[in-house]
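Read off the chains here:
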Amino acid sequence: MFDERTTCAVVVGAQWGDEGKGKLVDVLAERADLVVRYQGGANAGHTVVTGETQFILRQIPSGILHRNVTCVVGNGVVLDAETLFAELDGLESRGIGTGGRLFVSDRAHLVLPYHKLLDAASEKSQAIGTTGRGIGPAYADKTGRRGIRVGDLRDLGATRRLLADRVERANSLLAMMGVAERASLEEHAALLERLAPRLLSVATDTGLLIHRALQAGKRVLLEGAQGALLDLDHGTYPYVTSSNTTAGGASVGAGIGPTAIHGVLGVVKAYTTRVGNGPLPSAASAEDDERLRKLGGEFGAVTGRPRRCGWFDATVVRYAVRVNGLTGLAVTKLDVLDTIESIPVCVAYELDGERCEELPSEVARLERVRPVFETLPGWCAVTSGARTLADLPRHARAYLDRIEQLAGAPIRYVSVGTRRDQIIEV
Ligand code: GDP
């Protein structure tokens with residue numbers, strides 16, 4: 001991904017999230033100096049396996065597992081500081097020192113307990129299938145210009161006055177939503193007081209930090225969370241997340257100009273999954289859904305919820321290639337398909353009797369599409385030991401060639417297992 005001309009690259013999910021971005025970022029971070037999260041919150045749940053140890057990182061960039069990488073939580077992230085500190089402490093207790101290697105934007109908005117109460121209440125009235133971590137309400141406060149930012153903790157007196165107003169507002173909303181729970185101002189004030197010293201010790205203008213690193217010729221990796229089809233604007237609205245997950249969001253959420261970014265890698269599974277509600281046009285039959293879920297271990301890293309499984313959807317990935325400007329693809333979990341005798345690929349849709357090659361904008365139309373499947377022969381062989389394309393069975397290579405052709409972007413990486421070394425660089 002990095003070369004002489006590419007010193008700043010973005011890794012994004014090109015489906016509905018859970019594509020294995022954590023693993024890709026972990027692999028690429030070996031060659032990076034800085035790894036930056038630019039959107040989302042503690043709902044990301046990247047899983048990274050190093051040796052025999054598995055780490056699930058929700059708030060901290062997965063680059064933290066590389067000891068010479070500096071990690072940044074950018075301004076576009078909504079920050080759950082308690083989760084951040086719990087993760088930092090967890091890493092320290094497993095021998096991964098993080099001192100001086102993690103910075104948080106002083107412009108990042110805080111996710112507070114009242115956001116979680118509001119999240120749970122709104123999920124009851126409009127089920128989106130959120131992770132219930134307060135992300136949506138925190139972003140709503142940000143755009144409503146009533147958020148509380150990390151930098152606000154520099155003046156706790158003024159912040160307490162803001163807090164009084166915010167807690168009162170949250171409680172009125174909770175009452176309106178017919179929920180009995182209430183947020184406590186005292187508990188919120190005490191929480192902020194407790195968090196402030198540690199948070200301020202890592203808070204800085206991270207846009208400037210990244211800018212200076214780039215000027216000094218350092219390599220910067222921007223790590224997206226969720227996936228393109230969950231993007232607030234470009235995803236399957238309203239079954240989306242509350243931020244811009246696509247590559248454009250990287251510039252805004254990291255605080256650097258778009259011209260600073262040279263490469264965009266889209267991570268896709270060799271099939272498709274979706275957690276939460278909303279359409280999944282390439283859904284597999286009940287039997288294959290169960291089979292893929294078992295083979296792929298498709299249960300949410302944050303919530304443990306079973307993910308719905310389907311076949312590779314070329315319309316979705318083609319769309320992700322376009323809206324992200326993908327310069328390359330990383331195909332993960334190829335090994336999950338090792339035992340499937342023949343593999344359907346959704347090449348297009350049929351919508352109201354007509355062939356449709358583009359993703360409809362409205363969920364109502366997307367719910368009406370029928371998948372047009374093409375069936376490719378499976379390889380029925382173990383791929384997890386492959387380290388070059390030549391090591392793969394002929395039918396596996398043909399499968400990759402076909403999805404590359406349908407997606408319209410070159411495959412740069414193929415992942416064949418959870419471990420760091422189980423990767424093919426094309
Ligand atoms: P992320 O949020 O995009 O990082 O994805 P998750 O971490 O939620 O889900 C990816 C899951 O797939 C994790 O459990 C990974 O360890 C696992 N994984 C990643 N790449 C591969 C692969 O190539 N093969 C297999 N079998 N598992 C993989």
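Look up a bit, the structure's there.
Since the model is a prediction, treat every value here as computed from it, not as a measurement.

Analysis parameters
- Residues numbered from 1 in each chain as written.
- Predicted model: local features only at pLDDT ≥ 70, side-chain atom pairs only at ≥ 80, totals over all residues.
- Heavy atoms only, no water.
- Axes fitted to C-alpha atoms, helices over the stretch in contact; angles between N-to-C directions.
- Helix = DSSP H or I, 4+ residues; strand = E, 2+ residues; numbered from the N terminus.
- Parallel < 35°, antiparallel > 145°, perpendicular 65-115°, else oblique.
- Left-handed = near helix turned anticlockwise from the far one by under 90°.
- Contact = heavy atoms within 4.5 Å.
- Nonpolar A, V, L, I, M, F, W, Y, C, P; charged D, E, K, R; others polar.
- Near = heavy atom within 4 Å.
- Polar contact = N/O pair within 3.5 Å; in protein donor to acceptor, adjacent residues only side chain to side chain.
- 1 Å grid on protein atoms, 1.4 Å probe; cavity = no way out; pocket = protein on both sides within 12 Å on 5 of 7 lines; lining within 4 Å.
- Points joined across faces, edges and corners; volume = space filled by probe spheres on them.
- Expected span 1.5 Å × (residues − 1).
- Buried < 20%, exposed > 50% of the residue type's maximum accessible area, 1.4 Å probe, protein only.
- Arc of directions from axis to C-beta.
- Salt bridge = Lys/Arg side-chain N within 4 Å of Asp/Glu carboxyl O.

Q: Before we go on, may I ask you to explain the packing of helix H2 (residues 81-93) against helix H6 (residues 185-202) in this structure?
A: The geometry of a pair of packed helices is captured by two quantities: the angle between their axes and the separation between those axes. Between H2 and H6, whose axes approach to 11 Å, the crossing angle comes to 50°. In terms of orientation, H2 and H6 fall into the oblique class. H6 is crossed by H2, and the crossing has left-handed handedness. Across the interface between the two elements, Ala 81, Glu 82, Leu 84, Phe 85, Leu 88 and Asp 89 of H2 pack against Leu 191, Arg 194, Leu 195, Arg 198 and Leu 199 of H6.

Q: Where do I start with the packing of helix H3 (residues 113-125) against helix H4 (residues 135-143) in this structure?
A: Here H3 crosses H4 at 115°, and the two axes come no closer than 7 Å. The angle between H3 and H4 falls in the class roughly perpendicular. In the packing of H3 onto H4, the handedness of the crossing is right-handed. Each of Tyr 114, His 115, Leu 118 and Asp 119 in H3 lies in contact with H4, whose residues at this interface are Ile 135, Pro 137, Ala 138 and Asp 141. Across the contact of H3 with H4, the residue classes tally to five nonpolar, one polar and two charged.

Q: How should I be thinking about the site of the ligand in this particular structure?
A: Residues in contact with the ligand amount to 18 residues; listed here are only the nearest, Lys 21, Gly 22, His 46, Asp 335 and Ser 415. Lys 21 has a polar backbone atom sitting 2.8 Å from an oxygen atom of the ligand. Of all the elements in the fold, those that place two or more residues in the shell around the ligand are helix H1 (21-29) and strand S3 (46-50). Take the shell around the ligand: its biggest share by element is three residues, from H1.

Q: Would you take a moment to explain the layout of surface pockets for this structure?
A: Sizing a probe to match a water molecule and rolling it over the atoms shows the empty space that remains. Its volume calculated, the second largest pocket comes out at about 220 Å³. Residue lining of the second largest pocket: 13 residues in total, with Tyr 139, Lys 142, Ser 243, Asn 244 and Val 252 positioned closest to the centre. Residues of the lining of the second largest pocket, tallied by class, amount to four nonpolar, eight polar and one charged.

Q: Sorry if this is basic, but what is going on with helix H5 (residues 156-176) here?
A: A turn of α-helix holds 3.6 residues, and therefore any two residues three or four places apart point the same way. Helix length check: H5 (21 residues) gives 30 Å between terminal C-alpha atoms against 30 Å at 1.5 Å per residue, within 8%. The set of residues buried in H5 consists of Thr 159, Leu 163, Arg 166, Val 167, Ala 170, Asn 171 and Leu 174. Each buried residue of H5 lies within a common arc of 140° when the element is viewed along its axis, so the set occupies one face. In H5, the exposed positions that point more than 90 degrees away from the buried face belong to Arg 161, Glu 168 and Met 176. Looking one or two places after H5, you find Gly 178, whose phi comes out positive at around 75°.

Q: Just checking my understanding: could you explain the pattern of salt bridges for this structure?
A: Side chains that differ in sign of charge can pair as their charged atoms come close. Per the counting criterion, the structure on display carries 26 salt bridges. Ionic pairing is found between Glu 19 and Lys 21, a salt bridge with its closest N-O pair at 2.8 Å. We note that Glu 19, like Lys 21, is buried. Between Arg 107 and Asp 205 there is a salt bridge, and its shortest N-O distance comes to 3.4 Å.

Shape is all these values report; function is a separate question.
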